[in-house]
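Listed below, chain by chain, are the residues.
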Amino acid sequence: MGLEAWLWLANGLGFGAQNAGELLAAGPGGANGVLASIYQPEIQGLLAPAQAKRFAATKPQNFAPQLEAARREEVLPLAYDDPDYPELLRLTPAPPPVLYVKGDKRLLNGRLTLGFVGTRTPSSYGVEAVRLVG
C-alpha cells in the first residue's frame, strides 16, 4: 500500500498528535502494521475518540488523489520509515508520520538543517520572514 497508508495514518492521527510516537511503536511495520492492527485493543487504547472516528471514516485508498496532487506539485510525502526521514525528528516523542518535502530530500539529514513549519496560506509577513531567513 505504501504512501497511501502513511497519508491515512497521518490523517487519522491529526496534525501535532502527541501519541504519534506511541502508535508508531505499537504497530510493527509502520503504517501497514498499524493498518493491520488498528482495531486491536492495544492500538485502540492509544487513540483519542476523534482519531478513532477519523480512522473509521477513511481508508488508505482514499489518499491516492492527495498523493497524485503532491507529485504534480513536485512535493514528496516522506514517510516515517523512509531512510531519508530526518533522524533527529524520528527520535522525538511525537514525530509526524509524514513530512512534505520540496527539494533535495537528502539534505534533511545534513550537518546543518533548517525547517519551516506553518500554514498553507501564510500571511505576507510570514512569506517575507521565510524569504529573509532562507
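Everything in this summary refers to the structure shown in the same document.

Reading the values: the criteria
Residues numbered from 1 in each chain as written. Predicted model: local features only at pLDDT ≥ 70, side-chain atom pairs only at ≥ 80, totals over all residues. Heavy atoms only, no water. Helix = DSSP H or I, 4+ residues; strand = E, 2+ residues; numbered from the N terminus. Buried < 20%, exposed > 50% of the residue type's maximum accessible area, 1.4 Å probe, protein only. Contact = heavy atoms within 4.5 Å. Lys, Arg positive; Asp, Glu negative; His and termini not counted. Salt bridge = Lys/Arg side-chain N within 4 Å of Asp/Glu carboxyl O. Axes fitted to C-alpha atoms, helices over the stretch in contact; angles between N-to-C directions. Parallel < 35°, antiparallel > 145°, perpendicular 65-115°, else oblique. Nonpolar A, V, L, I, M, F, W, Y, C, P; charged D, E, K, R; others polar. Patch = residues over 30% accessible without salt bridge, like charges linked within 9 Å, V, L, I, M, F, W, Y side chains within 5 Å. Areas by Shrake-Rupley, 256 points an atom, 1.4 Å probe, with all protein chains shown as cover.

### Describing the environment of Pro77
At step 1: Along the chain, Pro77 turns up in strand 1 (residues 76–79).
At step 2: With a relative accessible area of 4%, Pro77 lands in the buried category.
At step 3: Each C-alpha atom of the pair Pro77 and Trp6 lies 8.9 Å from the other, and the pair is 71 residues apart in sequence.
At step 4: Setting aside residues no more than four positions away along its own chain, Pro77 makes contact with Leu3, Leu7, Leu67, Ala70, Val98, Leu99 and Tyr100.

### With respect to the side chain of Glu4
At step 1: Inspection of the secondary structure puts Glu4 in helix 1 (residues 3–13).
At step 2: For the buried Glu4, no salt bridge is present, and the opposite-charge side chain at shortest range is Arg71, 5.8 Å distant.
At step 3: When near neighbours in sequence (up to four residues on either side) are disregarded, Glu4 contacts Pro60, Phe63, Ala64 and Leu67.

### Overview of the environment of Phe55
At step 1: The residue Phe55 is located in helix 5 (residues 49–57) in this model.
At step 2: With a relative accessible area of 2%, Phe55 lands in the buried category.
At step 3: Along the backbone, Phe55 and Gly12 are 43 residues apart, and their C-alpha atoms lie at a distance of 4.9 Å.
At step 4: Once residues within four sequence positions are removed from consideration, Phe55 is found in contact with Trp8, Leu9, Gly12, Leu13, Leu23, Ile38, Tyr39 and Leu47.

### Some thoughts on the packing of helix 1 against helix 6 (residues 64–72)
At step 1: Orientation of helix 1 relative to helix 6, taken along the N-to-C sense of each, is 105 degrees, at an axis distance of 9 Å. As far as their axial angle goes, helix 6 and helix 1 are roughly perpendicular. Contacts between helix 1 and helix 6 involve Leu3, Glu4 and Leu7 from the first element and Ala64, Gln66, Leu67 and Arg71 from the second.
At step 2: Here the contact of helix 1 with helix 6 is built from residues that sort into four nonpolar, one polar and two charged.

### Section: a nonpolar patch on the surface
At step 1: Taken together, the side chains of Leu114, Phe116, Val130, Leu132 and Val133 define a hydrophobic patch exposed on the protein surface, amounting to about 500 Å² of accessible area.
At step 2: Residue position: Leu114 is located in the loop between strand 2 (98–101) and helix 8 (124–133).
At step 3: By relative accessible area, Leu114 is classed as exposed at 59%.

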